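Here is how the chains run, residue by residue.
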Amino acid sequence: KCMNKFYKEEGCNKMTCSCGAKMCYLCKKEVTDYSHFYGQGGTPTATKTCPLWSDHKVLHQMEVAKAAEEAKQQLTQDNITLSIDPTRDIIMPADIPASEYEVRDRLVNRWLQMNVIVSRVTNAPKRGRLQHLLENIRKLIAGHQVVTLEDQIARDLESVQTQVHE
C-alpha cells in the first residue's frame, strides 16, 4: 500500500509493513492471516499456496541474478559495452540447485491445474479414475523424494492430461 521497500533477513513469509499492511513475501499477495500459508512439511492446496517458511537466501540469489541479467541485456540493447561483465561474480539460477520447495511448488501448481481440468470431465467414472491418479500423484509430491521423482511426477501429470482428452 505504502510502497515501502523491504527485505527479509529471517522469519516466516508473512510480512507486516510499518504501515500495517500484511503480505506474503514469496508471491507478494496481500494476506490477512496465516490461512494463505501451509506449514512446514505440508503441501500446497487450492487456498494454502505458499509455504510459511522458505529459504530466502536462494530466493534472493535468484532475484539478484535476474536483475543482473536484465541489466546486462539492457546495456547490450543500448550498445553500451562495459569492461567488466555485470554478471561475472553473480551466482546464476542455473548454478543454484533446485530446492525441494521449488520442485514441489512447480509440481503442485501443475497438479492444481490438472485438478481443475479433471473436475470438468463429464464422464463420472473417468473423472473418478483420474482423480484417483491425481491423489496418488499428490502423495508423491508431498513425499521426501520429490526432487528425485520430479521427472516421473511430471510424466504422470502429462499422462493424466492425455487421458482427459482421450
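Residues numbered from 1 in each chain as written. Predicted model: local features only at pLDDT ≥ 70, side-chain atom pairs only at ≥ 80, totals over all residues. Heavy atoms only, no water.

(A) Looking closely at the pattern of salt bridges. In the structure shown here, the tally under the stated rule is 5 salt bridges. One salt bridge connects R106 with E150, and the closest N-O pair in it is separated by 2.8 Å. Of this pair, R106 sits in helix α2 (residues 100-119) while E150 sits in helix α4 (residues 150-164), placing them 44 residues apart in sequence. (Salt bridge = Lys/Arg side-chain N within 4 Å of Asp/Glu carboxyl O. Helix = DSSP H or I, 4+ residues; strand = E, 2+ residues; numbered from the N terminus.)

(B) Structural view of helix α3 (residues 124-142). Between its terminal C-alpha atoms α3 stretches 27 Å, which fits the 27 Å expected from 19 residues at 1.5 Å a residue. Taken together, the buried positions of α3 are K126, L130, L134, I137 and I141. When α3 is viewed along its axis, its buried side chains cluster within an angular range of 65 degrees and face the same direction. Looking at α3, the residues exposed on the side facing more than 90 degrees away from the buried face are P125 and H132. Of the surrounding secondary structure, the elements contacted by the buried residues of α3 are α2 and α4. Near the N-terminus of α3, the side chain that reaches the backbone nitrogen of K126, with its oxygen 3.0 Å away, is that of N123. (Expected span 1.5 Å × (residues − 1). Buried < 20%, exposed > 50% of the residue type's maximum accessible area, 1.4 Å probe, protein only. Arc of directions from axis to C-beta. Contact = heavy atoms within 4.5 Å. Polar contact = N/O pair within 3.5 Å; in protein donor to acceptor, adjacent residues only side chain to side chain.)

(C) Region of interest: the nonpolar core. Grouped together as the largest cluster of nonpolar side chains are 17 residues, with contacts concentrated most on L107, L134, I137, I141, I153, L157 and V160. It is α2 that provides the largest number of residues to this core, a total of 6 residues. Sequence-distant contacts of L107, defined by excluding residues within four places in its chain, comprise I141, V146, E150, I153, A154 and L157. Among the nonpolar cores identified, the runner-up in size contains 7 residues, and C12, C24, L26 and F37 belong to it. (Core = buried A, V, L, I, M, F, W, Y, C linked by side-chain atoms within 4.5 Å.)

(D) Structural view of the confidence of the model for the protein chain. Confidence in the prediction for the protein chain averages 85 pLDDT; 94% of positions are at 70 or higher. Within the protein chain, helix α1 (residues 56-77) has the poorest average pLDDT of any element, 82, and α4 the best, 94. (pLDDT = per-residue confidence, 0-100.)

(E) Representation of unusual backbone geometry in the model. Its identity is not glycine, yet K28 carries a phi of approximately 70 degrees, on the positive side. Relative to the assigned elements, K28 resides in the loop between β2 (22-24) and β3 (37-38). On the accessibility criterion, K28 (41% relative accessible area) is partly exposed. At N79, a position not held by glycine, the phi torsion is positive, near 55 degrees. Structurally, N79 is set in the loop between α1 and α2.

(F) The environment of N136, seen in detail. Looking at the element boundaries, N136 is found in helix α3. On the accessibility criterion, N136 (35% relative accessible area) is partly exposed. For N136 and A71, which are 65 residues apart along the polypeptide, the C-alpha to C-alpha distance reads 43 Å.

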